[in-house]
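An overview of the molecular structure
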Amino acid sequence: MNILKDDNIDNALSVFRSDRQFTQDSATGIPPRPARPSADDGAGRETAARQETPNAGVKMYNLVILIIDILAMLTRWIFYTLEALYRFVVPQPADTVHNDIVLITGAGHGMGKCMALQYAQLGATVVCLDINERLNANTVANIRQERGNAFGYVCDVTNREQIVNVAEKVKQEVGTVTILVNNAGIMPTHPLLQQTEAEIRKTFEINVMAHFWLLQSFLPGMIEKNRGFIVALSSVAGLCGLNNLVPYCGSKFAVRGIMEALSEELRHDARKPNIKFTTVFPYMVDTGLCKKPHMRFPNMMRLVKPEEAAAAIIDGQRRGLEDVSIPKYLLYLNTIIRVFPVKVGTLLRDFLDTGVDSDL
């Protein structure tokens, strides 16, 4: 079989061409592709047709490059897989946050407050943002009572202008934020057809749009400093659809997409900024958002305490994990179930019978 046969080579190259192919570098010894001649007459058309077909040397060179690319990709594939298996057993050491400035939205209560307290205990400077001035001030006071370093700012995260103004104040009064925790969120729990326009809009303004305004305000400082961590709270509802949570699920799937896309965007940035991303997928946390939870196996799938969730989030951020589920096994379970037919996932959901009832 002639491997240089036009059909064989062209079919391979049509799929795997790269900008390194059809090189015209004289150092390769392969002659450059000549300019296409005018095809005004028969002779011109005949010459153009001959020059359309690359010579055998060019084809062989491109094929060799293709094979090298495939082998390099497979080698890295195996290495990254083995590395992940190793890190599953031996986790990455946790970074110190002693010199970091951590900004947490929704710091007045729940997981936000718990993260603020725990980051302060680790020596970080904590910036607390919340729309509720009293609760936010209480968090700051609790940190300072323990001799921690904390600052509080009242901010409505749905208001872009407020976020921009607060970001400028934080930079002047505290410094450059190096860890941003997008935690604030709401969760209306009733059927879609019973949700009002105001509820749906507010869900997306807090759970999604606020992420854009906060990222645009604080990410430039991280890039300039060449150090930063972005932590975003998605949810198990950002991994699978759940009853009575249609807008909420949509907002949490959006957070997952924002984080993945932004990480990819910065990976292609010519500056190669040292910014790490951690997306968090908590199960139902006992913060009051889940007003009417139900579960068939309460011992196995109990509500997560906010202190436990906060500790897992901080640990994941410090170890540079890209995805963190709480409990840890849920992320692996979701990945495995997605391999099977959709009906298998539905079957498992019905068996576990876990979710939230309507709060109406």
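Details of the structure are given in the entry above.
Keep in mind that this is a model prediction, so the values were computed, not measured.

**Some details on the pattern of salt bridges**
Applying the stated criterion across every chain yields a total of six salt bridges. Close ionic contact of Glu264 with Arg267 constitutes a salt bridge, the shortest N to O distance being 2.7 Å. Of the two residues, Glu264 and Arg267 are both situated in helix 8 (residues 246-267); the distance of three residues between them amounts to about one turn of the helix.

**Thoughts on helix 8**
Under the 1.5 Å per step criterion, the end-to-end length of helix 8 is 32 Å for 22 residues, consistent within 8% with the ideal 32 Å. Turning to helix 8, its buried residues are Pro247, Tyr248, Cys249, Ser251, Lys252, Val255, Ile258, Met259, Leu262 and Leu266. For helix 8, the elements touching its buried residues are helix 7 (197-225), strand 5 (228-233) and strand 6 (275-282).

**Points about the pairing of strand 2 (residues 125-130)**
In terms of burial, strand 2 is largely enclosed, as six of its six residues are buried. On strand 2, burial covers both faces: Thr125, Val127 and Leu129 on one face and Val126, Cys128 and Asp130 on the other are all buried. Alignment of strand 1 (residues 101-105) against strand 2, held across five bridges, turns out to be parallel. Bridge pairing in strand 2 links Ile101 to Thr125. Crossover strand 1 to strand 2 through helix 4 (residues 110-121) is right-handed.

**Section: the nonpolar core**
The nonpolar side chains of a soluble globular protein tend to be buried with one another. In terms of nonpolar packing, the biggest core is built from 44 residues, with Ile104, Met115, Tyr119, Val126, Val181 and Ile313 touching the most fellow members. No other element matches the six residues that helix 4 contributes to this core. For Ile313, the residues in contact, after removing those within four places along its chain, are Met111, Met115, Val231, Leu233, Val280 and Ile326. In this structure, Val127, Leu214, Met222 and Leu262 belong to the second largest nonpolar core, which totals 33 residues.

So, how was this worked out
Residues numbered from 1 in each chain as written. Predicted model: local features only at pLDDT ≥ 70, side-chain atom pairs only at ≥ 80, totals over all residues. Heavy atoms only, no water. Salt bridge = Lys/Arg side-chain N within 4 Å of Asp/Glu carboxyl O. Helix = DSSP H or I, 4+ residues; strand = E, 2+ residues; numbered from the N terminus. Expected span 1.5 Å × (residues − 1). Buried < 20%, exposed > 50% of the residue type's maximum accessible area, 1.4 Å probe, protein only. Contact = heavy atoms within 4.5 Å. Pairing = 2+ DSSP bridges. Right-handed = clockwise from strand over helix to strand, strands pointing away. Core = buried A, V, L, I, M, F, W, Y, C linked by side-chain atoms within 4.5 Å.

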